[in-house]
Structures are given as C-alpha cells and as structure tokens.
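A look at the structure
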Amino acid sequence: MHVPDGFFNAPVSVAAGAVAAGAIAVSLRGARRELDERTAPLAGLVAAFVFAVQMLTFPVGAGTSGHLMGGALAAILVGPYTAVLVLTVVLGIQALLFADGGLSALGINITLLGVVAVLVAWAVFRGLLWTLPDNRRSVTTASFAAAFVSVPVAAAVFTGLYALGGTTEVPIGTVLAAMVGVHTAIGIGEGVITALTVGAVLAVRPDLVHGARGLVRPLRLRTADGSLVPAEPAAGPEPAVARPTRPLWLAGLAATVLAAGLISAYASEKPDGLESVAEEHGIAEAEEKHRFADSPLGDYGVRDIDNESLSVGLAGLIGAGVTLAAGTGAFLALRRRNGTDTAGGSTGDRARQEAARP
Amino acid sequence: MTPGRLHRLHRPGSTPVHALPAHTKLVAVFGFVVVVVSTPREAVWAFGLYALLLAGVAALARVPAGFLLRRMAIEIPFVTFALLLPFLATGERVEILGMSLSEPGLWGAWNILAKATLGVAASVLLAATTEIRDLLLGLQRLRLPPLLVQIASFMIRYVDVVAGELHRMRIARESRGFQARGPRAWKALAHTAGALFIRSYERGERVHLAMLSRGYSGTMPVLDRVTANRTQWARAVALPAAALPFCLLGWAL
C-alpha cells in the first residue's frame, strides 16, 4: 500500500512533502488543544496501537485477508490533529526502519494515508453526526461512512497525483476506475471494521471516543439532601487566537487552479498519440476486463478513449476539487467545534481545571 | 509480527558505519535516495554503480547479504505492480516472448524496480547499523519537531508491549476455539481492536501520570547531545557524494 521510491517524479514528491509538512505543523498546534501536555505519551501509545492494529488481519474469505489502514479509526478515536501526527509517525517509522514506503515518497504517503484519509474521514464523520440524531448508533453509522469514503477518496487523490507526476504514462481513466473500484471494495471492509471497533470502544469507555464527545452526559452532582444539581463545566483550554481563514482558503484555491492548469498543459503536450492510445486501449481493456468487469465504474475509462487528455485533466480537477472541498469542510467543522469548546470554557478557576483532569 | 521484532532490525557492530553519528547517516541516506530518484531511468549503468556503492557500504558494515535480501522482501508488493505496468501503460508496443508490451511501460517498470530496490536497500542498511534510539536522537538533532520525536520514541518504546498484548489476545481467542474464517469473524476481531485501543490509551494515561510524578513538564531533557566532527560528516556524505557524479553523467549522456 505504501508508495515506494521512483513512483512519482521529483516535483510532485516535493510538493506532497510540503503539503505534509504544512499539515503536520497545523496538527502539532491542534494536537495540543486535543490532548494538552498529555500529547506525547498518549499519541505515542495510540501510534503503537495503530501500528499493532495494522498487523491484525481480517479474513475476507477464499484464503485472502486484509488489514485496517487506521486513518479513519484514529481520527474518530483521538481527533483529527492527533490522528495526523499518529499516522505521520507510523508511516515515518515504517519507512525508516522497515523500508516500507520510500524515503523520497514519504511526503506522498503522509499526504495520502495521513492527511487526505484522516481529513476526509473526519469531515464525513462530523457532517453525518451533525445531521443524524445524537445517539450511539449514529456514531457507529457515521464511523462506517467515514472510513468507507476515506479509502476510495485517497485512491482517487493518488490517481490524481499520478496523472500529475507519475513516472509512467498509463491511461489515467482506466487507472482511476480500477483504483476507485478496488478501493471501494477495500473501503467497505475498512468501514465495517472501523464501525465495529468504535462500537466496541463506545460500549466500554464512551468517554475515550473523541468523535462522540457530544454524547457524554453532563456531570451531575448529588447534594446532601439527595437532589441532583448540574456540575459547572470545567474550564477548557485557553481560547485559541482566531486567525483569518480567507487567505488560507484563497491560497488553496489558487493551488488547485494552478494544478489543474499544469495538468491540461501536461496533457496537451501529446495530442498526436491519440490514435495509438485508442488502439492500445482495446488491449488494456482485454487485460482489465476479467478483473474489473463487475465494477460499475469499469467502463468509464474505456468509454472516454477519444479524449484521453480531457479525462486526464478531468480526473485531476475532480481529485483536486474533492480534496479542496473536503479540506474546507473539515476546516469549517473544526472551527465550529472549537468555537463551541471555547465558548463553554471561558470561566472557571485554575484549581477546578486541574481537578477536572483525569 | 511477533513481539520483539523491532529489535531484530538492528545488527550491533563496531564497524566504521556503526560508529558514525545517526544524524549524519540520516542525511547521507536521504541524500543518496534523492540522487537515485533523480537519475534518468535510461542510465541503466548508473543504477548498477549505485548498487555497487551500497554493496560496498554493506561490506564495510559487515551486514551479510542474506540478511539484507531477507529484509528487502518488503518490496514484493511493488514488484508485482511494476510487473503489471508493461501491460497497462500506453505508448509504443514491442513484442517480447510473444507478448505485446508497452515500451514506456517497460521503462516505467524498470524505473520503479531499480529506484525502489535501491531505496529499500539504503533504508535497510541504515536500520541495520543504527540503534533506534540513536536514530530518534538524530532526527531531533536534524530539527524535527520535538513533539513528533517524542511521539515516535513513545511509540517505539511501547510498540512491542502493545503487540505483545495483541499476541496474547490472539492466544486467548484461539484457546477458546476461535478461528478467523471470513467476515463473520470480524466482530470478534474488531472487539479485539477496541479492547487493544482502550488498553493502549489507559496505559498512555498511566505513563503520563508516572512521568508527571517524576517532574515531566512537557519537554524531554536531552541527556547526551551527539555531535559530529568534520571527519565524520565527510565519511557519511561520501555515499551521496560518490553517487552524484553518476547522476549528473546520466543526464549529460
């Protein structure tokens, strides 16, 4: 699953590295808000958990088995910022010690499995929780959907990156259909297992599930005469200084448009190869047919033979657009949550804050 | 993975390669990988020379070839993908053994195979000659955010513990007659994962409290500051420096 060296060209690797570095920088700040000074030991143990749970194999049947990727699970259990850090550490250790994933492709691996998967999962999860009623079943349903969606989206972004900076010319439409098709199937497994795992944690320690914090009933104290009074909420962390988001969003939009422009320029370099492309697509189709014949998307790449350059650009644009939309959605969801957090915890003395900590 | 595998990645030794400070080796390996990746794939001879360079490092570090090759088996999934490329890719077709293969696809497969193999070999050599703790200190020395290094060091410290718990849970499941066959077993396995998460998280809380009681304030004290002198830097950088001319020649030719 991890991308090795030599898969992507240098500019895309560097760009993905920059994206990953930015996401890590943001997450380092955010994780302190999620876990305060407990970040290092707790995130370290969660990283060990993710590392271990990737070794837990789930039989699919017919002798094959898969394993969890864990991005969505980590986001729901410990929050998106910590999840990005955890996945970064896991991927980095895998690349450095186990040679699993290339060092030059580390940025791409972190961007795909650590950032895109986590953000998409978190955005879907928060979005669904917002619409669904507040109960445990909604959390597991949203967990399934979040993990399920995150896998094919990461695969689509991978294909988009490959269209931008892959080292080999492949019919992107076919690859997109194949990647999304296969990863939709993988995503079902990831979704079911994530939902079951979140459900298992919810049943025992609902307070540990970061994504289900809204479900925790407010603390009520029984007074001497036996009546219940609501305890005052403990003071939250210091409110973060609000920063303007518009420049960030505009920069993202500019990057998207730039990327799309690059794709079209890249695609239009080879308008003369169309005839041979069409011929070879017959061959490619024959190769692919037995594997993806039953996939509903299996025909898209083949149908668009005649305008492959268009489908390349389209694939990239869709990938970039989805990423941008998901990122914006995740950001808005985060801002909403942070807003409510800081509003609830503006008062309270230091002693109670200390006492409230487990 | 059985518990304790993390420690078998390292082969203790007292060779010149082992003796180099970790951060110089990290810079060297990263530089080498960058040089390899940016070499044009048509320069087939250059990759042979890179492999010779790595073989030289392995010989200097007394890492046996069998160990290196066994550890390199990790790249087998990409090899299968790379072997598919000649069938999938577009471009001119060539006839080899009666199969119609794409020429750019063949080059692409070679590109991935050569560069991924060299990258994996370099990483394996680094892990084999450097202690994990030194590697983390080296990363900190290279100005990686301290929080990230702390998370990584906690992960390294506890991954064998957590994996051991998973191992014991598997034994407990199997001693009760559980056999994982098909998706029906998912629920039991997911409950295992959930229990593992709770145990890991609670252990993290206990570790944190234990650290607080020993005066932890959010940062870890750096006890031994590793420094590298000019000779050590020169020795470490010799690897990418030796590789660079081949890369430049590959572009020039």
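It should be emphasised that the depicted structure is a prediction, and the values quoted were computed from it without experimental measurement.

What to know about the UniProt feature "transmembrane region" (unreviewed entry) in chain A
All names here are of chain A. Those places that UniProt annotates as "transmembrane region" (unreviewed entry) correspond, in this numbering, to residues 6-28, 40-60, 72-99, 106-125, 145-164, 248-267 and 310-334. The straight-line gap between the two end C-alpha atoms of residues 72-99 is 24 Å; of that span, 89% is helix and 0% is strand. For residues 145-164, the end-to-end C-alpha separation is 29 Å, with 100% helix and 0% strand making up the annotated structure.

Quick look at unusual backbone geometry
Residues and elements named next belong to chain B. One non-glycine residue, Arg 62, adopts positive backbone phi at about 55 degrees. Checked against the element boundaries, Arg 62 lands in the loop between helix 3 (44-60) and helix 4 (65-71). Note on Arg 62: 14 C-beta atoms within 10 Å, which makes it partly exposed. Its identity as a non-glycine residue notwithstanding, Arg 143 has a phi of 65 degrees, on the positive side. With respect to the secondary-structure elements, Arg 143 resides in the loop between helix 7 (132-141) and helix 8 (146-175).

Brief notes about the interface of chain A and chain B
Counting residues at the interface gives 64 residues for chain A, matched by 74 residues for chain B. Here the side of chain A that touches chain B takes 14 residues from helix 2 (residues 39-53) of chain A, the largest share from any one element. The residue inventory of the side of chain A that touches chain B, partitioned by class, reads 45 nonpolar, 11 polar and eight charged.

Structural notes on the nonpolar core
Counting residues in hydrophobic clusters, the biggest one holds 169 residues, and the most contacted among them are Ala 47, Ala 74, Val 86, Val 118 and Ala 121 of chain A together with Ile 151 and Met 155 of chain B. For this core, the element with the most residues is helix 6 (residues 136-165) of chain A, which contributes 19 residues. When residues are assigned to domains, this core turns out to be shared by domain 1 (5-139 + 226-252) and domain 2 (145-213) of chain B, each giving three or more. Apart from the residues lying within four places of it in its own chain, the contact partners of Ala 121 of chain A are Gly 71, Ala 72, Ala 75, Ala 146, Ala 147 and Ser 150 of chain A.

Focus: the domain arrangement of chain B
Buried accessible area, meaning the area lost when the parts come together, often serves as the stated size of an interface. Residue and element names in this part refer to chain B. You can read the domains of chain B as domain 1 (5-139 + 226-252) and domain 2 (145-213). Distance between the C-alpha centres of domain 1 and domain 2: 33 Å. Of the residues belonging to the side of domain 1 that touches domain 2, the class tally is four nonpolar, no polar and no charged.

About the criteria used
Residues numbered from 1 in each chain as written. Chains lettered and ligands numbered in written order. Predicted model: local features only at pLDDT ≥ 70, side-chain atom pairs only at ≥ 80, totals over all residues. UniProt positions renumbered as here; feature names shortened; annotations may be inferred. Helix = DSSP H or I, 4+ residues; strand = E, 2+ residues; numbered from the N terminus. Buried ≥ 20, exposed ≤ 12 C-beta atoms within 10 Å, placed from the backbone. Contact = placed C-beta atoms within 7 Å. Nonpolar A, V, L, I, M, F, W, Y, C, P; charged D, E, K, R; others polar. Core = buried A, V, L, I, M, F, W, Y, C linked by C-beta atoms within 7 Å. Domains from an automatic or database assignment.

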